[in-house]
Amino acid sequence: DAGVTQSPTHLIKTRGQQVTLRCSPKSGHDTVSWYQQALGQGPQFIFQYYEEEERQRGNFPDRFSGHQFPNYSSELNVNALLLGDSALYLCASSPPGQGVRSPLHFGNGTRLTVT
Amino acid sequence: AQSVTQLDSQVPVFEEAPVELRCNYSSSVSVYLFWYVQYPNQGLQLLLKYLSGSTLVKSINGFEAEFNKSQTSFHLRKPSVHISDTAEYFCAVKGNNNDMRFGAGTRLTVKP
(Lines give C-alpha, C1' and ligand atoms only; values in the text may rest on other atoms or scores of the structure.)
Protein backbone atom coordinates (compact mmCIF):
# COMPACT_ATOMS: atom_id res chain seq x y z
CA ASP A 1 0.00 0.00 0.00
CA ALA A 2 1.72 3.14 -1.24
CA GLY A 3 1.82 6.09 1.07
CA VAL A 4 1.76 9.71 -0.02
CA THR A 5 3.96 10.17 -3.09
CA GLN A 6 5.33 13.47 -4.36
CA SER A 7 7.12 14.42 -7.56
CA PRO A 8 9.66 15.56 -8.39
CA THR A 9 11.93 15.03 -5.38
CA HIS A 10 14.18 17.96 -6.26
CA LEU A 11 13.73 20.96 -8.52
CA ILE A 12 15.82 24.00 -9.40
CA LYS A 13 14.12 27.05 -10.89
CA THR A 14 15.08 30.61 -11.69
CA ARG A 15 13.52 33.65 -10.08
CA GLY A 16 10.36 34.70 -11.95
CA GLN A 17 9.60 31.25 -13.32
CA GLN A 18 6.59 29.11 -12.53
CA VAL A 19 6.60 25.63 -10.96
CA THR A 20 4.13 22.76 -10.53
CA LEU A 21 4.51 20.15 -7.82
CA ARG A 22 2.48 16.95 -7.73
CA CYS A 23 1.08 14.75 -5.02
CA SER A 24 -0.76 11.44 -4.89
CA PRO A 25 -2.48 10.81 -1.56
CA LYS A 26 -2.36 7.61 0.41
CA SER A 27 -4.83 5.03 -0.86
CA GLY A 28 -8.28 5.67 0.57
CA HIS A 29 -7.58 9.29 1.51
CA ASP A 30 -9.60 12.11 0.02
CA THR A 31 -8.20 15.29 1.61
CA VAL A 32 -4.88 16.81 0.60
CA SER A 33 -2.98 19.56 2.41
CA TRP A 34 0.14 21.39 1.30
CA TYR A 35 2.85 22.79 3.55
CA GLN A 36 5.98 24.86 3.02
CA GLN A 37 8.95 24.05 5.25
CA ALA A 38 11.80 26.53 5.07
CA LEU A 39 15.21 25.39 6.27
CA GLY A 40 15.30 25.07 10.04
CA GLN A 41 11.62 25.87 10.49
CA GLY A 42 8.37 24.05 11.04
CA PRO A 43 5.92 23.37 8.22
CA GLN A 44 3.67 26.31 7.33
CA PHE A 45 0.14 25.55 6.12
CA ILE A 46 -0.51 26.68 2.54
CA PHE A 47 -3.94 25.25 1.77
CA GLN A 48 -6.15 22.17 1.89
CA TYR A 49 -8.22 20.54 -0.85
CA TYR A 50 -11.31 18.42 -0.47
CA GLU A 51 -13.81 17.40 -3.15
CA GLU A 52 -11.73 19.30 -5.72
CA GLU A 53 -12.14 22.59 -3.90
CA GLU A 54 -9.87 24.69 -1.71
CA ARG A 55 -11.35 24.35 1.77
CA GLN A 56 -8.82 26.15 3.98
CA ARG A 57 -5.99 28.54 3.19
CA GLY A 58 -3.05 29.78 5.21
CA ASN A 59 -1.29 33.12 4.97
CA PHE A 60 0.21 32.71 1.50
CA PRO A 61 -0.12 35.07 -1.48
CA ASP A 62 -2.19 34.34 -4.56
CA ARG A 63 0.99 33.29 -6.38
CA PHE A 64 0.38 29.97 -4.64
CA SER A 65 -2.51 28.07 -6.16
CA GLY A 66 -3.59 24.49 -6.33
CA HIS A 67 -5.86 21.93 -7.80
CA GLN A 68 -7.34 18.59 -6.83
CA PHE A 69 -8.36 16.04 -9.42
CA PRO A 70 -11.25 13.54 -9.30
CA ASN A 71 -8.81 10.79 -8.29
CA TYR A 72 -7.86 12.95 -5.25
CA SER A 73 -4.34 13.71 -6.50
CA SER A 74 -3.28 17.32 -6.25
CA GLU A 75 -0.98 19.94 -7.72
CA LEU A 76 0.63 22.97 -6.16
CA ASN A 77 1.49 25.82 -8.52
CA VAL A 78 3.72 28.73 -7.65
CA ASN A 79 4.00 31.68 -10.07
CA ALA A 80 6.63 34.42 -10.26
CA LEU A 81 9.06 32.53 -8.06
CA LEU A 82 11.05 34.46 -5.47
CA LEU A 83 14.29 33.44 -3.79
CA GLY A 84 12.31 33.13 -0.56
CA ASP A 85 10.17 30.38 -2.08
CA SER A 86 13.11 28.00 -1.74
CA ALA A 87 11.92 25.33 0.69
CA LEU A 88 10.78 21.76 1.15
CA TYR A 89 7.16 21.46 0.01
CA LEU A 90 5.26 18.77 1.81
CA CYS A 91 2.02 17.15 0.78
CA ALA A 92 -0.15 15.41 3.38
CA SER A 93 -3.34 13.43 3.08
CA SER A 94 -6.03 12.33 5.49
CA PRO A 95 -8.85 9.80 5.29
CA PRO A 96 -12.59 10.48 5.06
CA GLY A 97 -14.91 10.22 7.98
CA GLN A 98 -12.68 11.32 10.85
CA GLY A 99 -12.76 15.06 10.27
CA VAL A 100 -10.63 17.13 12.57
CA ARG A 101 -9.60 14.07 14.58
CA SER A 102 -7.58 12.53 11.77
CA PRO A 103 -3.81 12.94 11.70
CA LEU A 104 -2.00 13.82 8.50
CA HIS A 105 0.11 11.37 6.51
CA PHE A 106 3.05 13.08 4.86
CA GLY A 107 5.05 12.46 1.72
CA ASN A 108 8.82 12.95 1.61
CA GLY A 109 8.46 16.33 -0.01
CA THR A 110 9.80 18.22 -3.01
CA ARG A 111 12.92 20.28 -2.42
CA LEU A 112 12.56 23.49 -4.47
CA THR A 113 15.58 25.72 -4.96
CA VAL A 114 15.09 29.13 -6.58
CA THR A 115 18.24 30.80 -7.93
CA ALA B 1 -6.67 30.39 15.25
CA GLN B 2 -4.69 27.83 17.15
CA SER B 3 -0.89 28.01 17.48
CA VAL B 4 1.99 26.04 18.95
CA THR B 5 5.17 27.07 20.73
CA GLN B 6 8.06 24.67 21.13
CA LEU B 7 10.19 26.07 23.87
CA ASP B 8 13.53 24.52 22.95
CA SER B 9 15.05 24.70 19.48
CA GLN B 10 17.81 22.20 20.33
CA VAL B 11 18.09 19.52 23.01
CA PRO B 12 21.38 17.62 23.32
CA VAL B 13 21.33 14.56 25.56
CA PHE B 14 23.49 11.52 26.22
CA GLU B 15 22.38 8.04 25.24
CA GLU B 16 20.18 6.27 27.83
CA ALA B 17 19.37 9.57 29.57
CA PRO B 18 15.77 10.80 29.91
CA VAL B 19 14.52 13.63 27.73
CA GLU B 20 11.59 16.05 27.67
CA LEU B 21 10.64 18.16 24.64
CA ARG B 22 8.32 20.97 25.60
CA CYS B 23 5.24 22.12 23.70
CA ASN B 24 2.61 24.72 24.58
CA TYR B 25 -0.45 25.51 22.53
CA SER B 26 -3.02 28.25 22.35
CA SER B 27 -6.57 27.76 21.18
CA SER B 28 -9.98 29.04 22.12
CA VAL B 29 -11.70 25.80 21.13
CA SER B 30 -11.23 22.10 21.67
CA VAL B 31 -7.90 20.91 20.36
CA TYR B 32 -6.36 17.78 18.99
CA LEU B 33 -2.62 17.47 19.59
CA PHE B 34 0.08 15.58 17.74
CA TRP B 35 3.80 14.92 17.80
CA TYR B 36 5.61 14.21 14.55
CA VAL B 37 9.24 13.17 13.94
CA GLN B 38 11.30 14.09 10.88
CA TYR B 39 14.52 12.35 9.90
CA PRO B 40 16.92 14.04 7.45
CA ASN B 41 15.60 14.36 3.90
CA GLN B 42 12.28 12.79 4.80
CA GLY B 43 8.72 13.85 5.45
CA LEU B 44 7.03 13.88 8.84
CA GLN B 45 5.99 10.69 10.59
CA LEU B 46 3.27 10.61 13.23
CA LEU B 47 4.68 9.70 16.63
CA LEU B 48 1.57 9.99 18.80
CA LYS B 49 -1.70 11.89 19.15
CA TYR B 50 -4.16 13.11 21.74
CA LEU B 51 -7.78 13.26 20.62
CA SER B 52 -9.75 12.68 23.81
CA GLY B 53 -9.92 10.41 26.85
CA SER B 54 -6.77 9.52 28.77
CA THR B 55 -4.43 12.49 28.96
CA LEU B 56 -1.33 10.26 28.75
CA VAL B 57 -0.65 8.86 25.28
CA LYS B 58 2.16 6.54 24.27
CA SER B 59 4.00 5.55 21.09
CA ILE B 60 5.29 2.12 20.18
CA ASN B 61 8.94 3.17 20.52
CA GLY B 62 8.83 4.38 24.12
CA PHE B 63 7.80 8.02 23.78
CA GLU B 64 4.88 9.40 25.73
CA ALA B 65 3.13 12.76 25.98
CA GLU B 66 0.70 14.18 28.49
CA PHE B 67 -2.09 16.61 27.66
CA ASN B 68 -2.40 19.24 30.38
CA LYS B 69 -5.37 21.49 29.73
CA SER B 70 -4.76 23.86 32.64
CA GLN B 71 -1.18 24.51 31.51
CA THR B 72 -2.04 24.26 27.78
CA SER B 73 0.88 21.89 27.33
CA PHE B 74 1.63 18.62 25.53
CA HIS B 75 5.22 17.78 26.46
CA LEU B 76 6.95 14.76 24.93
CA ARG B 77 9.06 12.48 27.13
CA LYS B 78 11.17 9.38 26.88
CA PRO B 79 12.81 7.76 29.93
CA SER B 80 15.86 6.47 28.03
CA VAL B 81 16.90 7.69 24.58
CA HIS B 82 18.83 5.89 21.85
CA ILE B 83 21.19 7.21 19.19
CA SER B 84 18.47 6.41 16.64
CA ASP B 85 16.12 8.94 18.30
CA THR B 86 18.24 11.76 16.89
CA ALA B 87 15.83 13.74 14.69
CA GLU B 88 13.67 16.86 14.49
CA TYR B 89 10.46 16.70 16.52
CA PHE B 90 7.39 18.80 15.76
CA CYS B 91 4.39 19.46 17.95
CA ALA B 92 1.15 20.23 16.10
CA VAL B 93 -2.39 21.28 16.93
CA LYS B 94 -5.70 21.04 15.12
CA GLY B 95 -8.77 23.02 16.03
CA ASN B 96 -12.28 22.76 14.67
CA ASN B 97 -11.24 24.31 11.35
CA ASN B 98 -9.38 21.11 10.40
CA ASP B 99 -6.03 22.64 9.43
CA MET B 100 -2.98 21.49 11.34
CA ARG B 101 -0.51 24.06 12.68
CA PHE B 102 3.05 23.15 13.62
CA GLY B 103 5.63 24.49 16.02
CA ALA B 104 9.10 25.50 14.87
CA GLY B 105 10.54 22.14 15.89
CA THR B 106 13.06 20.80 18.42
CA ARG B 107 16.23 19.16 17.22
CA LEU B 108 17.02 16.24 19.51
CA THR B 109 20.64 15.12 19.35
CA VAL B 110 21.56 11.95 21.23
CA LYS B 111 25.26 11.63 21.94
CA PRO B 112 27.09 8.39 22.76
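Everything discussed here concerns the structure shown above.
Residues numbered from 1 in each chain as written. Chains lettered and ligands numbered in written order. Predicted model: local features only at pLDDT ≥ 70, side-chain atom pairs only at ≥ 80, totals over all residues. Heavy atoms only, no water.

Residues and elements named next belong to chain A. Strand E9 (residues 87–94) sits mainly inside the fold: 8 of its 8 residues count as buried. Burial along E9 is two-sided: the face carrying Ala87, Tyr89, Cys91 and Ser93 and the face carrying Leu88, Leu90, Ala92 and Ser94 are both buried. Both strand E4 (residues 31–37) and E9 contribute to a ladder of 7 bridges, which runs antiparallel. Residue pairing for E9: Gln36 is matched across the bridge by Tyr89. Taken together, the 3 bridges between E9 and strand E11 (residues 110–114) define a ladder with antiparallel strand orientation. Residue Tyr89 lies in a different strand from E11, and its bridge partner there is Thr110. Examined bridge by bridge, E9 and strand E10 (residues 105–106) share 2 bridges and lie antiparallel to one another. Across the sheet, the residue bridging to Ala92 is Phe106, located in E10. (Buried < 20%, exposed > 50% of the residue type's maximum accessible area, 1.4 Å probe, protein only. Helix = DSSP H or I, 4+ residues; strand = E, 2+ residues; numbered from the N terminus. Pairing = 2+ DSSP bridges.)

Here the focus is the interface of chain B and chain A. Residue-level contacts link 23 residues of chain B with 21 residues of chain A. The largest per-residue losses of area from chain B upon contact with chain A belong to Leu44, Asn98 and Phe102 of chain B, which jointly make up 26% of the total buried on that side. Counting across the interface, chain B meets chain A through 0 salt bridges. One can count 5 residue pairs in polar contact (both at pLDDT 80 or more) joining chain B with chain A. Going through the elements one at a time, strand E5 (32–38), strand E6 (44–50), strand E10 (87–94) and strand E11 (100–102) of chain B are the ones with two or more residues in the side of chain B that touches chain A. (Contact = heavy atoms within 4.5 Å. Buried area = accessible area lost by both parts, 1.4 Å probe. Salt bridge = Lys/Arg side-chain N within 4 Å of Asp/Glu carboxyl O. Polar contact = N/O pair within 3.5 Å; in protein donor to acceptor, adjacent residues only side chain to side chain.)

Residues and elements named next belong to chain B. For the structure on display, the rule yields 2 disulfides over all chains. A sulfur-sulfur separation of 2.0 Å characterises the disulfide bridge that pairs Cys23 with Cys91. Classification of the bridge connecting Cys23 and Cys91 rests on its S-S torsion, roughly -65°, and on that basis the disulfide is left-handed. Residue Cys23 is found in strand E4 (residues 23–26), and its partner Cys91 is found in strand E10; the two are separated by 68 residues along the sequence. For Cys23, a relative accessible area of 0% gives the class buried. (Disulfide = S-S within 2.5 Å.)

Quick look at the layout of surface pockets now. The space that makes up the largest pocket amounts to roughly 390 Å³. Considering the residues around the largest pocket, the lining is formed by 21 residues, among which Gln37 and Gly40 of chain A together with Gln38, Glu88 and Arg107 of chain B are closest to the centre. Per element, the largest residue contribution to the lining of the largest pocket is 3 residues, and it comes from E10 of chain B. In the lining of the largest pocket, the residues fall into 8 nonpolar, 10 polar and 3 charged. (1 Å grid on protein atoms, 1.4 Å probe; cavity = no way out; pocket = protein on both sides within 12 Å on 5 of 7 lines; lining within 4 Å. Points joined across faces, edges and corners; volume = space filled by probe spheres on them. Nonpolar A, V, L, I, M, F, W, Y, C, P; charged D, E, K, R; others polar.)

Quick look at the nonpolar core now. Nonpolar side chains in soluble globular proteins tend to be buried together. In this structure, Leu33, Trp35, Leu47, Leu48, Phe74, Leu76 and Tyr89 of chain B are the most contacted members of the largest nonpolar core, which totals 27 residues. Looking at this core element by element, the count peaks at 4 residues for E10 of chain B. Once residues within four sequence positions are removed from consideration, Leu47 of chain B is found in contact with Trp35, Tyr36, Val37, Ser59, Asn61, Phe63, Leu76 and Tyr89 of chain B. One finds Val4, Leu11, Tyr49 and Val114 of chain A within the second-largest nonpolar core, a separate group that totals 20 residues. (Core = buried A, V, L, I, M, F, W, Y, C linked by side-chain atoms within 4.5 Å.)

Our next topic: the side chain of Thr106 of chain B. Residues and elements named next belong to chain B. By the secondary structure assignment, Thr106 is in strand E12 (residues 106–111). By relative accessible area, Thr106 is classed as buried at 0%. At a separation of 2.5 Å, a polar atom in the side chain of Thr106 contacts the main-chain carbonyl oxygen of Asp8.

So, on to the packing of aromatic side chains. Per the stated rule, a full pass over the model turns up 11 aromatic pairs over all chains. Arranged with centres 5.3 Å apart and planes meeting at 85°, the rings of Phe47 of chain A and Tyr49 of chain A form a pair that is edge-to-face. Each of the two residues, Phe47 of chain A as well as Tyr49 of chain A, counts as buried. An aromatic cluster is present here, built from Tyr35, Phe45 and Phe106 of chain A together with Tyr36 and Phe102 of chain B joined pairwise through their rings. (Phe/Tyr/Trp six-rings, centres within 6.5 Å; stacked < 30°, edge-to-face > 60°.)

Bringing unusual backbone geometry into the picture now. Between Ser7 of chain A and the following residue, Pro8 of chain A, the backbone shows a cis peptide bond with an omega angle of -10°. Tracing the sequence through the fold places Pro8 of chain A in the loop between strand E1 (5–7) and strand E2 (10–13). Here the phi dihedral of Glu52 of chain A falls at roughly 70°; this positive angle occurs in a residue that is not glycine. In this structure, Glu52 of chain A sits in the loop between strand E5 (44–50) and strand E6 (53–57). The class of Glu52 of chain A is partly exposed, set by a relative accessible area of 43%. The phi dihedral of Thr72 of chain B is positive, around 45°, even though this residue is not glycine. Secondary-structure assignment places Thr72 of chain B in the loop between strand E8 (64–68) and strand E9 (73–78). Looking at Thr72 of chain B, the relative accessible area reads 30%, which means it is partly exposed.

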